[in-house]
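What the coordinates show
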Amino acid sequence: MARGDAAETRLGRTTHPVSIELVRLVWTRPARADRKAIREYVARDNPAAALALDELFSEQTARLVGHPRLGRTGRIIGTRELVAHHNYILIYDTVGDRVRVLRILHAARRWPGP
């Protein structure tokens, strides 16, 4: 079976066809700047934790490629929010065949601002 056309047969059970919407992931400049600032801030005290957190951001955003509606409805119309870590929220939107990561914000930060 072609990948994405139908799930394979396992343990004598046939699963139903699965439709996976694949989109392209785009990091905006503000999101890249947020990611860099977070990495640098955490690295001051714990370089290994900074790398692990950055990898987590990569893993969480990669999930959006196959599941662009994974996160909750955002606080700003047209956006979505995905809790990437208990301290960080990925703000993103979907435009056509793209998922755009708009920001990575600390969970305690007021969003949107005043």
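That block above? That's the structure.
In every chain, residue numbers begin from 1 and rise along the written sequence. Residue-level local features of this predicted model are given only where pLDDT is at least 70; pairs of side-chain atoms are given and counted only at 80 or more, and the full residue set underlies all totals for whole chains, interfaces and linings. Hydrogen atoms and water are omitted, and side-chain values are computed over all heavy atoms in the structure.

1. Considering the overall build of the protein
From N to C terminus, the protein includes two helices and five strands. Put simply, the protein runs from its N terminus to its C terminus through helices and strands in the order β-α-α-β-β-β-β. Three labels apply to residues, based on accessible area from a 1.4 Å probe with only protein chains included: buried if under 20% of the type maximum, exposed if over 50%, partly exposed otherwise in between. In the protein, buried positions account for 32% of the 114 residues. Counted over contacts in the protein with a minimum sequence separation of 6, partners at least 24 positions apart contribute 40%. Where accessible areas are quoted, they stem from the Shrake-Rupley method and a 1.4 Å probe; at the residue level, only the protein chains shown are allowed to cover. Surface summary for the protein: the accessible area is close to 7900 Å², and the carbon and sulfur share equals 53%. Every helix listed is a DSSP run of H or I at least four residues long, and every strand listed is a run of E at least two residues long, numbered separately from the N terminus. We call two residues in contact whenever any of their non-hydrogen atoms come within 4.5 Å of each other.

2. A word on helix H1 (residues 29–45)
Here H1 is 17 residues long and its end C-alpha atoms lie 25 Å apart, about the 24 Å a rise of 1.5 Å per residue gives. Those residues of H1 that are buried lie in contact with strand E1 (24–27), helix H2 (47–66), strand E4 (88–95) and strand E5 (98–106). Here a helix's expected span is defined as the number of its residues, less one, multiplied by 1.5 Å.

3. Description of the packing of aromatic side chains
For Phe, Tyr and Trp, where Trp contributes only its six-membered ring, two rings pair if their centres lie within 6.5 Å, and the inter-plane angle classes them as stacked under 30 degrees, edge-to-face over 60, or tilted in between. Applying the stated criterion across every chain yields a total of one aromatic pair. Judged by centre distance (5.7 Å) and plane angle (85 degrees), the ring pair of Phe57 and Tyr88 falls under edge-to-face. Of the two residues, Phe57 sits in helix H2 while Tyr88 sits in strand E4, which places them 31 residues apart along the sequence. On the basis of relative accessibility, which here comes to 1%, the residue Phe57 falls in the buried class. Owing to a relative accessible area of 10%, Tyr88 belongs among the buried residues under this scheme. Geometry around Trp27 places Arg35 over its ring, the cationic atom sitting 4.6 Å from the centre. Ring-over charges, as used throughout, are those where CZ of Arg or NZ of Lys falls within 6 Å of the ring centre and within 35 degrees of the ring normal.

4. Topic: the pattern of salt bridges
Close approach of charged atoms allows side chains with opposite charge to pair. Any Lys or Arg side-chain nitrogen found within 4 Å of a carboxyl oxygen on Asp or Glu counts as a salt bridge. For the coordinates displayed, the defined rule picks out seven salt bridges. Of the charged contacts in the structure, one is a salt bridge between Glu81 and Arg72, with a shortest N-O distance of 3.0 Å. The partly exposed category is assigned to Arg72, whose relative accessible area is 41%. A salt bridge links Glu81 to Arg75; its shortest N-O distance comes to 2.9 Å. By relative accessible area, which is 2% here, Glu81 ends up buried. Within the structure, one salt-bridge network assembled from shared partners comprises Arg35, Arg39 and Asp54.

5. Some remarks on the packing of H1 against H2
Only the stretch in contact is used when a helix axis is fitted, and all axes are lines through C-alpha atoms; the angle between N-to-C directions ranges over 0 to 180 degrees. At a minimum axis distance of 6 Å, the contact between H1 and H2 shows a crossing angle of 155 degrees. One element, H1, and the other, H2, form an angle in the roughly antiparallel class. Mapping the contact onto sequence places Arg35, Ile38, Arg39, Val42, Ala43 and Asp45 in H1 and Pro47, Ala49, Ala50, Leu53, Asp54, Phe57 and Ser58 in H2. Nonpolar residues are Ala, Val, Leu, Ile, Met, Phe, Trp, Tyr, Cys and Pro. Charged residues are Asp, Glu, Lys and Arg, and all others, Gly as well, are polar. Here the residues of the contact of H1 with H2 are counted per class, giving eight nonpolar, one polar and four charged. Each angle is binned into one of four classes, with values under 35 degrees roughly parallel, values over 145 roughly antiparallel, values of 65 to 115 roughly perpendicular, and all other values oblique.

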